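Topology and contacts: notes
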Amino acid sequence: MAAVQNSVPSLHHTLFLKSFPQKGLPKHHHAAFPCCKRSVSVHVKAEQFSSAAASISSHIQVSCGRRQMIAAGIIAPLVSVVDQTPIAFAAETKKGFLSVTDKKDGYSFLYPFGWQEVVIEGQDKVFKDVIEPLESVSVNMIPTSKQDIRDFGPPQEVAETLIKKVLAPPNQKTKLIGATEHDVDGQAYYTFEFVSQAPNYTRHALTAVSIGNGKFYTLTTGANERRWDKMKDRLLTVVDSFKIFNV
């Protein structure tokens, strides 16, 4: 638990700023997918923390970005190739979803067809619905010396730290609904579900976190609470599709 809290500062700086719905510059090429078993996760290229105590915070902030990103929504268009390069590309797989594979950073996920990709500082990938900005998915990552997500503590402990320090602004009320652990091809993942309440809206989100390639990965997806019942299955597909691989 201490490890997680110590890493929070750095992770908070990167993840927090980029986890929330925000306006971004749309890209001309893109792709996306829903989330499922893994709770919402956010990915952020955060700054490394200066102290060992900041170690876990740094890793946890992986998903969010800078504070300006906190309010940012995740966006992504229906594109077959991201940035027109072989490093990251999207392809239609499951009906109603597009797949994104980043060969450089070693991860892949699905997002709902129709979402558009936007550029948000500190975020590696962001896709969102242009009409419903709270419906989005983002991926972030930060360097870490840890080899396994379990090194930071149990699922609930890591989830609570990330939600309070990274995934939601300090002025919002948050509630962890559930956190679980599962393995995919020997790779451990933590996924959790939570809600964050702002003065004018409540966001229901899912996040998935894992460690690989010397990085702490975070994928987060969600929607306005009023649309949760309608979007739940699609968002579960998104979070459950998140996978990392060796590069």
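Worth saying up front: this structure is predicted, and the values here are computed from it rather than measured.

Basis of the calculations
- Residues numbered from 1 in each chain as written.
- Predicted model: local features only at pLDDT ≥ 70, side-chain atom pairs only at ≥ 80, totals over all residues.
- Heavy atoms only, no water.
- Helix = DSSP H or I, 4+ residues; strand = E, 2+ residues; numbered from the N terminus.
- Expected span 1.5 Å × (residues − 1).
- Buried < 20%, exposed > 50% of the residue type's maximum accessible area, 1.4 Å probe, protein only.
- 1 Å grid on protein atoms, 1.4 Å probe; cavity = no way out; pocket = protein on both sides within 12 Å on 5 of 7 lines; lining within 4 Å.
- Points joined across faces, edges and corners; volume = space filled by probe spheres on them.
- Nonpolar A, V, L, I, M, F, W, Y, C, P; charged D, E, K, R; others polar.
- Phe/Tyr/Trp six-rings, centres within 6.5 Å; stacked < 30°, edge-to-face > 60°.
- Lys NZ or Arg CZ within 6 Å of the ring centre and 35° of its normal.
- pLDDT = per-residue confidence, 0-100.
- Contact = heavy atoms within 4.5 Å.
- Pairing = 2+ DSSP bridges.

1. Concerning helix α4 (residues 155–167)
Over its 13 residues, α4 runs only 15 Å from end to end, short of the ideal 18 Å by more than 12%, given 1.5 Å per residue. When α4 is considered as a whole, its buried residues turn out to be Pro155, Glu157, Val158, Ala159, Thr161, Leu162, Ile163, Val166 and Leu167.

2. With respect to the layout of surface pockets
Reported here for the second largest pocket is a volume of approximately 160 Å³. In terms of lining, the second largest pocket is formed by Ser108, Val184, Asp185, Gln187, Tyr189, Gly212, Asn213, Lys243, Ile244, Phe245 and Asn246. Sorting the residues of the lining of the second largest pocket by element identifies β9 (187–197) and β12 (243–244) as the ones contributing at least two each. Here the lining of the second largest pocket is built from residues that sort into four nonpolar, five polar and two charged.

3. Structural notes on the environment of tyrosine 111
Looking at the secondary structure, you find tyrosine 111 in strand β4 (residues 107–112). Owing to a relative accessible area of 0%, tyrosine 111 belongs among the buried residues under this scheme. Taking C-alpha positions, tyrosine 111 is 9.9 Å from phenylalanine 242, a pair spaced 131 residues apart along the chain.

4. Overview of the packing of aromatic side chains
Within the structure shown, the criterion is met by seven aromatic pairs. When the centroid spacing of 6.0 Å and the interplanar angle of 35 degrees are considered together, the rings of phenylalanine 192 and phenylalanine 194 count as tilted. Each member of the pair phenylalanine 192 and phenylalanine 194 is classed as buried. The structure contains a cluster of three or more aromatic residues connected by ring pairs, namely Tyr107, Phe109, Tyr111, Phe127, Tyr217 and Phe242. Positioned above the aromatic ring of phenylalanine 152 is the side chain of lysine 146, whose terminal nitrogen or guanidinium carbon lies 5.8 Å from the ring centre.

5. Quick word on the confidence of the model for the protein chain
Atomic detail in the predicted coordinates should be set aside for any region of low pLDDT. With 62% of its residues at a pLDDT of 70 or more, the protein chain has an overall mean of 76. Predicted confidence is poor over residues 12–86, with pLDDT under 50, and the contacts of this stretch with residues over four places away or in other chains come to 467 contacts.

6. Observations regarding the environment of glycine 214
As for its position among the elements, glycine 214 is in the loop between β10 (202–212) and β11 (215–224). In the structure, glycine 214 is positioned 66 residues away from aspartate 148 in sequence and 9.7 Å away in space, judged by C-alpha atoms. The residues touching glycine 214, leaving out its near neighbours within four places in the chain, are Ile142, Pro143 and Thr144.

7. Considerations on the pairing of strand β6 (residues 125–128)
Remember that side chains alternate between the two faces of the sheet whenever the strand is regular. Residues Lys125 and Phe127 point to one face of β6 and Val126 and Lys128 to the other, with burial holding for every one of them. Bridging between strand β5 (residues 116–119) and β6 involves two bridges; their strand directions are antiparallel. Across the sheet, residue glutamine 116 finds its bridge partner in β6, namely lysine 128. What sits between the antiparallel neighbours β5 and β6 is a turn of five residues, in which glycine 122 has the positive phi angle 90 degrees. Here four bridges tie β6 to strand β7 (residues 136–143), and the two strands are oriented antiparallel to one another. Opposite lysine 125, over in β7, you have valine 139 as the bridge partner.

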